[in-house]
Amino acid sequence: MLQIEIDNGSGFCFGVTTAIHKAEEELAKGTQLYCLGDIVHNGMECERLRQMGLITINHDELRQLHNVKVLLRAHGEPPETYELARQNNIDIIDATCPVVLQLQKRIKRQYEAGPGQIVIFGKKGHAEVLGLVGQTVGSAIVIEHFDDVKQLDFTRDIYLYSQTTKSLDEFHRIIEYIQEHISPTATFKSFDTICRSVANRMPNISQFATRHDLILFVCGRKSSNGKVLFGECLRINPNTHLIEGPDEIDPAWLNGIHTVGICGATSTPKWLMEQCRDALLAK
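Residues numbered from 1 in each chain as written. Predicted model: local features only at pLDDT ≥ 70, side-chain atom pairs only at ≥ 80, totals over all residues. Heavy atoms only, no water.

## Notes on the overall build of the protein chain
- Of regular secondary structure, the protein chain possesses 11 helices and 12 strands.
- Computed over the C-alpha atoms, the radius of gyration of the protein chain is 21 Å, within 12% of the 19 Å expected from 2.2 N^0.38 for a compact globule of 283 residues.
- When the accessible area of the protein chain is evaluated, it comes to approximately 13500 Å², of which 50% is carbon and sulfur surface. (Helix = DSSP H or I, 4+ residues; strand = E, 2+ residues; numbered from the N terminus. Rg over C-alpha atoms; globule rule 2.2 N^0.38 Å. Areas by Shrake-Rupley, 256 points an atom, 1.4 Å probe, with all protein chains shown as cover.)

## Some words on the sheet that holds strand S4 (residues 69-72)
- Within the open sheet, the 4 strands sit side by side as S3-S2-S4-S5. Their pairing is parallel. Two strands in the sheet have a free side with no partner beyond their single neighbour: strand S3 (55-57) and strand S5 (91-94). Adjacent strand axes in the sheet meet at a mean angle of 30° when their direction is disregarded.
- Sheet contacts for helix H4 (residues 79-87): strand S2 (33-36), S4 and S5; angle to S5, the most-contacted strand, approximately 145°. (Pairing = 2+ DSSP bridges. Axes fitted to C-alpha atoms, helices over the stretch in contact; angles between N-to-C directions. Contact = heavy atoms within 4.5 Å.)

## Examining the environment of Asp148
- Counting through the fold element by element, Asp148 comes out in the loop between strand S7 (141-143) and strand S8 (158-162).
- Considered as a pair, Asp148 and Thr193 are 45 residues apart in the sequence and their alpha carbons are 19 Å apart.

## Some remarks on the sheet that holds strand S12 (residues 259-264)
- The parallel open sheet is built from 4 strands, whose spatial order is S1-S12-S10-S11. With partners counted over all chains shown, the strands left at the sheet margins are strand S1 (3-6) and strand S11 (240-243), one partner each. Going across the sheet, the axis of each strand differs from the next one's by a mean of 20°, ignoring polarity.
- Here strand S10 (residues 214-218) runs beside S11; their pairing, made up of 4 bridges, is parallel. Bridging across to S11, Ile215 finds its partner in Thr240.

The quantities given are spatial measurements derived from coordinates; they are silent on function.
Written out as structure tokens, the structure is:
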């Protein structure tokens, strides 16, 4: 008989849980509520909230709105979003993750302190990164990968931060490279701003992946931390498949399989992992 285990450590992180609860509370009141961008990088959860009445908009659409309520998701927003909301009399429900909010404040203080390169290790164009760069009036340098660090000016001061959901190992490699190449006349400071609720999932999910013949990693394909965690599962257990939902399960994967582990990203709802389990049991 097939044994199936859902990873207890997978599922929404604190920031995502808070944002979704805030949305549900407002929608339960019958309030018309807009959300700036997908509330979470999971299409099925976004669809569930859409059916409850949540209207997802982009920044261009935000400019056209007046006298409404808009929820800001956990990723955070740059200062100009708040200014636009003030001008258009938009009531902001701010669900920015506290970890992201603290990071925004630290980067803003560093920017206001004076010259130097503010460098953010993160995904270009990612909502969180756009909010961080916004604290520096667009002057921060974003590096996506280790090799990008070579483009920095090592004769000038460098202040290094990280998007909260990036890899700790790669961040430390970047720190070591800068330390080796920074000019003796320049200052280098690094700030470990990676969220531990995400970083701590790496060793946990590695251990989980060793316990099963097959791993189903349930995750929206837009999720940054999902890509990192899926990559770790795949490294530990080559028989790992990324799926967005139960419809993507291939019955052929189950041939000769005795145990299946189901896990996911910080943007994966528990109910979706349970649906995948139920689909397996029905096959």
